[in-house]
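One-letter residues, chain by chain:
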Amino acid sequence: MLCFGKSFENLQVTSSSSLTSSDTPSQRVQFILGNEEDAEHVSHELFTELDEICVKDGKDAEWKETARWLKFEEDVEDGGERWSKPYVATLSLHSLFELRSCIINGSVLLDMRADCIEEIADMVLDHQEASNELDDSVRVRVREALLKRHHHQNEKKKNLIPIVRSITEGARKQSEPHLIGEFDGSATSPQPIQPNEAAKNGAGQDSSQVDLSKVDLHFMKKIPEGAEASNVLVGELDFLERPIVAFVRLSPAVLLTGLTEVPIPTRFLFILLGPDGKAQQYHEIGRSMATIMTDEIFHDVAYKAKDRSDLLAGIDEFLDQVTVLPPGEWDPSIRIEPPKKVPSQEKRKMPGVPNGTVCQEEEELHAEHHGPELQRTGRLFGGLVLDIKRKAPFYWSDFKDGLSLQCVASFLFLYCACMSPVITFGGLLGEATEGRISAIESLFGASMTGVAYSLFAGQPLTILGSTGPVLVFEKILFKFCKDYDLSYLSLRTCIGLWTALLCLLLVATDASSLVCYITRFTEEAFAALICLIFIYEALEKLFHLGELYPYNAYSDLDKLTLAYCKCAEPDNPSNETLEIWNERNITASAVPWANLTVKECISLHGHFAGTACGHHGPYTPDVLFWSAILFFSTFFMSAFLKQFKTSRYFPTKVRSMISDFAVFLTIVFMVLIDFAIGVPSQKLKVPSKFQPTRDDRGWFINPIGRNPWWTALAASIPALLCTILIFMDQQITAVIINRKEHKLLKGCGYHLDLLMVGVMLAVCSIMGLPWFVAATVLSISHVNSLKLESESSAPGEQPRFLGIREQRLTGLVIFLLMGLSVFMTRVLKLIPMPVLYGVFLYMGASSLKGIQFFDRLKLFGMPAKHQPDFIYLRHVPLRKVHLFTVTQLTCLVLLWVIKTSPAAIVFPMMVLALVFIRKVLDLCFSKRELSYLDDLMPEWKKKNLDDASKKTEEVV
């Protein structure tokens, strides 16, 4: 890394400003950028084009476009008649010094007022004549050269394939009418720009027409709104004896027809015309000028410069930041790929920041990771009131913002993803409660709760679902009621009402402010656990299919023709079997065992006999292996299509659409393949009638029923545990969704979320429906499916993450469709379960991305030289990073053991314990280390001091 500011101080031109000659280039640039802006010198985004010309032996020549810059350089390939891939421009240090010399010795014309290229040429040549550098005959020929036609690369394409070009341009004009309207308001024929519009755009009245047939509308989309052009014109003229150099800044910018390949007004021109024989040297100086114009700092200096010395200060500051690569240690012909993320150049505008150092402000300890939403108000329902005030202004936009194709893709994906766990949870609950709460109740409860939550919650991006600890709680409660002869549904209603009341109490006292103690350490341990459980259960369900559809591992292929499987009478029937026969008045000897189907044989407790039989029936390896193919194909195809946005195939809009609809397209494709192949894989089972599973219960439950009256009071004890369970599950997921990395603009509402969960928990309890809280993996998948990225990114520039499409429609439609699923059984029963298991695996795996814990876990197997350049590795010793990771891994293993054990009901308490474990880490790590590895824990003392200072200011 070399700094060149002092090495050529003797060349620096003394400024007429108040700055002294001892000021560094950086200080001079900061002074220039600190000047007040006027209307004529407001910076705009720049598109830079390099055109070259060669006039020899009086032959007719024209300007040819050879390169362009929007952010990165693109060259016209020699003989390829196409644009190169965008790449980071690499410049020779010599060409930069030559450029500096050109600015010193050439003409600098700032704020020139001209309406056409003819006027500009005349003014530049007048300035050259005034310097006694040009005679009349040479002047005429130079003027002719400057006014020659400009040939652009997109015109070659048009001549090569006019039919294809016209078709594609026609399609673009129809799909992008807004682009056409920017120039002439007409999609049929080019119209002249009116004088009043020309004035608005900075164009002169003589800049007659914009011929849209010559405009590449696809590239035009990449150019930011309000951008201006910077034209670099270099070339060799055989009649010149000395170079002609001019730097021109127009005020206002002028639309010069035919000069630039895109119809935007020109602000800057750099002209370098020299004698014959130095074309490559002129080309490199032109590239240097074009590249430096794309630099964020020099770009601003060029707009605000008042004289030549200001431009030189900008070049000197640029040279201060230059990195030199030794010539023998790299290949200059290699094009450097654009980086995924370009660092901010704001530090160059700050005083006292040399090259290669990080601003002290960046190294300050990170502030608390939660916003004002979690500050305790000290008033009853104060937090809830603030949540409502915060969210109310965005309520209408929450619905308008959902009117997007991306939202359609999101709810189609999440609908399929939510259906299976809800029905599966209902089935497991039905087995545990002997059908008192089953699949239809689960569907109805999920639909009703989800719709209400999507309409009125503070963070509608959260998706509600069923959780494992709730199922464990239901099993324990049902067993207790059965042992003591109590009404399960009535006691459950009382517990639910108490839990809802306690949730209301938590909302009233701003208890959600305690969420500020849930840092990244706890978030990631919890999120990683849920993701791993999703992955584990998806694989477990696939292995379970091996029991339903067994295969013969040691079959003799030569004896397949002798294989058979039939039902036979059991040799030693059990007492249970005998009871079933007696109940049905069945005589074993009268049953035609050999003619029974598989289901009939199983229902009569028959015995399967034969070489093609397993324990539970005939071997069906085709079903098992077809299910495995569907499972893994769904996972890999979903992942592949999701990443299709970064593919090199198809236009951007097509790639984005395929990426958005990745999971839905995969499910549709797999359903069609499964239907075409015809292998009887296991299908999704949806209840076909809207009525309670059991006839002895209705849709409303009496809280007392046949239970003693005191059970209504005693229910408050298990309700305490249930409240902790609901609170922790809900709020940890809410914290993950509301992370600052997601760039949410509409705020969050922890108190309002908890209120809605509590209210719907009470409603579900009275109606005898399952309880639903925030589902971590489904919520993360929902957020990931709604990510917004910049569309008009420059060629080579990676799309920037803009935030999340915050709206209520996706959640609302998901749960409305879920409620209507009873009427869509004909379609839903075609979906193979292995496909849904594959979707679960994809959701679990994709949700692991972005979890820092797994990045740190991989460091154990990496040599130091191969470790990624993570920010925490720069500031925290590796042994401390490993210690933090091991602590988190130990907590994750303990959570897994508890979650999968009979003690799963205390799982929320263990998650709560993570907060205290994290507090203990304050003794092992410094605050600076924790600021990089985790979020700093909030300090009450600091808050109290801050509150006191605010009160003091109010009094004053």
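As annotated in an unreviewed UniProt entry, the protein chain carries the name Anion exchange protein and comes from Oreochromis niloticus. A UniProt comment under Sequence similarities (unreviewed entry) is attached to the protein chain, and it reads "Belongs to the anion exchanger (TC 2.A.31) family."

**A look at the overall build of the protein chain**
Within the protein chain, the regular secondary structure consists of 37 helices and 14 strands. Counting only residues that meet the buried cut, the protein chain has 51% of its 956 residues in that class. Contacts in the protein chain between residues far apart in sequence, at least 24 positions, make up 79% of those at least 6 positions apart. When the accessible surface of the protein chain is summed, it comes to about 46300 Å², and 59% of that surface belongs to carbon and sulfur atoms.

**Looking at the pairing of strand 8 (residues 266–274)**
Counting buried residues along strand 8, 9 of its 9 residues qualify, which places the element largely inside the surrounding structure. As paired strands, strand 7 (residues 244–254) and strand 8 are joined by 7 bridges and run antiparallel to one another. Residue pairing for strand 8: Val-245 is matched across the bridge by Leu-272.

**Some remarks on unusual backbone geometry**
Residue Pro-252 follows Ser-251 across a cis peptide bond; omega there is 0°. By the element assignment, Pro-252 lies in strand 7. The phi torsion at Asp-111 lies on the positive side, around 60°, for a residue other than glycine. As for its placement among the helices and strands, Asp-111 is situated in strand 4 (residues 107–112).

**Overview of the pattern of salt bridges**
Taken as a whole, this structure holds 23 salt bridges when the rule is applied. In this structure, Asp-126 and Arg-139 form a salt bridge, with 2.8 Å as the shortest nitrogen-oxygen distance. With Asp-126 in helix 3 (residues 117–130) and Arg-139 in helix 4 (residues 136–146), the pair connects residues that are 13 residues apart, well separated along the chain. Of the residues examined, Asp-126 reaches a relative accessible area of 40% and is grouped as partly exposed. For Asp-387, the salt bridge goes to Arg-390, with nearest N and O atoms at 2.6 Å. In this pair, Asp-387 and Arg-390 are both assigned in helix 13 (residues 382–391), 3 residues apart and thus about one turn of the helix distant.

**A look at the side chain of His-283**
By the element assignment, His-283 lies in helix 10 (residues 279–294). Among the polar contacts listed, one links the side chain of His-283 to the side chain of Glu-52, at a separation of 2.5 Å. Excluding anything up to four places from it in sequence, His-283 contacts Leu-50, Glu-52, Thr-66 and Val-234.

**Some remarks on helix 10**
Compared with an ideal rise of 1.5 Å per residue, which puts 16 residues at 22 Å, helix 10 spans 23 Å between its outermost C-alpha atoms and is within 8% of the ideal. Summarising burial for helix 10: 12 of the 16 residues are buried, a large majority. Among the residues of helix 10, Tyr-282, His-283, Glu-284, Ile-285, Gly-286, Arg-287, Ser-288, Met-289, Ala-290, Thr-291, Ile-292 and Met-293 are the ones counted as buried.

**With respect to a positive patch on the surface**
Together, Lys-71, Lys-341, Lys-743 and Arg-800 make up a positively charged patch on the protein surface. Its location among the elements puts Lys-743 in the loop between helix 26 (716–737) and helix 27 (750–767).

**Considerations on a nonpolar patch on the surface**
A surface patch of nonpolar side chains, amounting to about 410 Å² of accessible area, comprises Val-906, Met-909, Met-910, Leu-912 and Phe-916. In this fold, Met-909 is placed in helix 35 (residues 907–920). Take Met-909: its relative accessible area is 35%, and that puts it in the partly exposed class.

**Examining the packing of aromatic side chains**
The final tally for this structure, using the stated rule, is 10 aromatic pairs. Here the aromatic rings of Phe-247 and Phe-268 are separated by 5.9 Å at their centres, their planes lie at 40°, and the arrangement is tilted. With Phe-247 in strand 7 and Phe-268 in strand 8, this pair connects stretches of sequence that are 21 residues apart. Each member of the aromatic cluster is reached from another via a ring pair, and the members are Phe-247, Phe-268 and Tyr-303.

**Some remarks on the nonpolar core**
In terms of nonpolar packing, the biggest core is built from 148 residues, with Ile-495, Ile-726, Leu-778, Met-818 and Met-843 touching the most fellow members. Of the domains in this structure, domain 2 (382–547 + 628–850) and domain 4 (851–955) are the two that each give at least three residues to this core. Apart from the residues within four sequence positions on either side, Leu-778 is in contact with Leu-414, Ala-417, Cys-418, Ile-463 and Met-843. Core analysis: the next-biggest nonpolar cluster, separate from the first, contains 33 residues, Leu-46, Cys-102, Ile-292 and Phe-318 among them.

**Quick look at the environment of Ser-926**
Secondary-structure assignment places Ser-926 in the loop between helix 35 and helix 36 (927–933). In this structure, the C-alpha to C-alpha distance between Ser-926 and Val-876, residues 50 residues apart in sequence, is 9.8 Å.

**Description of helix 26**
Between its first and last C-alpha, helix 26 extends 31 Å over 22 residues, near the 32 Å set by a 1.5 Å rise per residue. Burial analysis of helix 26 places 16 of its 22 residues in the buried class, the great majority of the element.

**Description of the confidence of the model for the protein chain**
It should be kept in mind that the predicted coordinates are not to be read in detail where pLDDT is low. In this model, the protein chain carries an average pLDDT of 76, and 83% of its residues clear a pLDDT of 70 or more. Note on residues 1–19: pLDDT under 50 across the span, and 39 contacts to partners over four residues away in sequence or across chains. The model gives residues 353–368 a pLDDT under 50, and that stretch makes 27 contacts with residues more than four places away or in other chains.

**Here we look at the packing of helix 24 (residues 662–677) against helix 31 (residues 833–847)**
Relative orientation of the contacting elements helix 24 and helix 31 amounts to 155°, with a least axis distance of 10 Å. Relative to helix 31, the element helix 24 is oriented roughly antiparallel. Helix-helix and strand crossings are classified by hand; for helix 24 and helix 31 the assignment is right-handed. Here Val-663, Ile-667 and Met-670 of helix 24 lie close against helix 31, whose contacting residues are Val-835, Val-839 and Tyr-842. Among the residues making up the contact of helix 24 with helix 31, the classes are represented as 6 nonpolar, no polar and no charged.

**What to know about the packing of helix 10 against helix 11 (residues 296–304)**
At a minimum axis distance of 5 Å, the contact between helix 10 and helix 11 shows a crossing angle of 90°. Taken as axis vectors, helix 10 and helix 11 run roughly perpendicular relative to one another. Each of Met-289, Ile-292, Met-293 and Thr-294 in helix 10 lies in contact with helix 11, whose residues at this interface are Glu-296, Phe-298, His-299 and Ala-302. Partitioned by chemical class, the residues of the contact of helix 10 with helix 11 number 5 nonpolar, 2 polar and 1 charged.

**Here's the deal with the pairing of strand 7**
With 10 of its 11 residues buried, strand 7 lies for the most part within the structure. Examined bridge by bridge, strand 4 and strand 7 share 5 bridges and lie parallel to one another. Within strand 7, the residue paired with Leu-110 across the bridge is Arg-249.

**Comments concerning the environment of Leu-506**
By secondary structure assignment, the location of Leu-506 is in helix 18 (residues 488–508). As a C-alpha pair, Leu-506 and Leu-754 span 248 residues in sequence and 8.4 Å in three-dimensional space. Residue contacts for Leu-506: discarding those within four places in its chain leaves Ala-511, Ser-512, Thr-723, Phe-727 and Leu-754.

**Let's talk about the environment of Leu-50**
Structurally, the position occupied by Leu-50 is in strand 1 (residues 46–55). Residues Leu-50 and Arg-68, spaced 18 residues apart in sequence, show a C-alpha to C-alpha distance of 5.9 Å.

Cut-off values and rules
Residues numbered from 1 in each chain as written. Predicted model: local features only at pLDDT ≥ 70, side-chain atom pairs only at ≥ 80, totals over all residues. Heavy atoms only, no water. UniProt positions renumbered as here; feature names shortened; annotations may be inferred. Helix = DSSP H or I, 4+ residues; strand = E, 2+ residues; numbered from the N terminus. Buried < 20%, exposed > 50% of the residue type's maximum accessible area, 1.4 Å probe, protein only. Contact = heavy atoms within 4.5 Å. Areas by Shrake-Rupley, 256 points an atom, 1.4 Å probe, with all protein chains shown as cover. Pairing = 2+ DSSP bridges. Salt bridge = Lys/Arg side-chain N within 4 Å of Asp/Glu carboxyl O. Polar contact = N/O pair within 3.5 Å; in protein donor to acceptor, adjacent residues only side chain to side chain. Expected span 1.5 Å × (residues − 1). Patch = residues over 30% accessible without salt bridge, like charges linked within 9 Å, V, L, I, M, F, W, Y side chains within 5 Å. Lys, Arg positive; Asp, Glu negative; His and termini not counted. Charge placed at Lys NZ, Arg CZ, Asp CG, Glu CD. Phe/Tyr/Trp six-rings, centres within 6.5 Å; stacked < 30°, edge-to-face > 60°. Core = buried A, V, L, I, M, F, W, Y, C linked by side-chain atoms within 4.5 Å. Domains from an automatic or database assignment. pLDDT = per-residue confidence, 0-100. Axes fitted to C-alpha atoms, helices over the stretch in contact; angles between N-to-C directions. Parallel < 35°, antiparallel > 145°, perpendicular 65-115°, else oblique. Left-handed = near helix turned anticlockwise from the far one by under 90°. Nonpolar A, V, L, I, M, F, W, Y, C, P; charged D, E, K, R; others polar.

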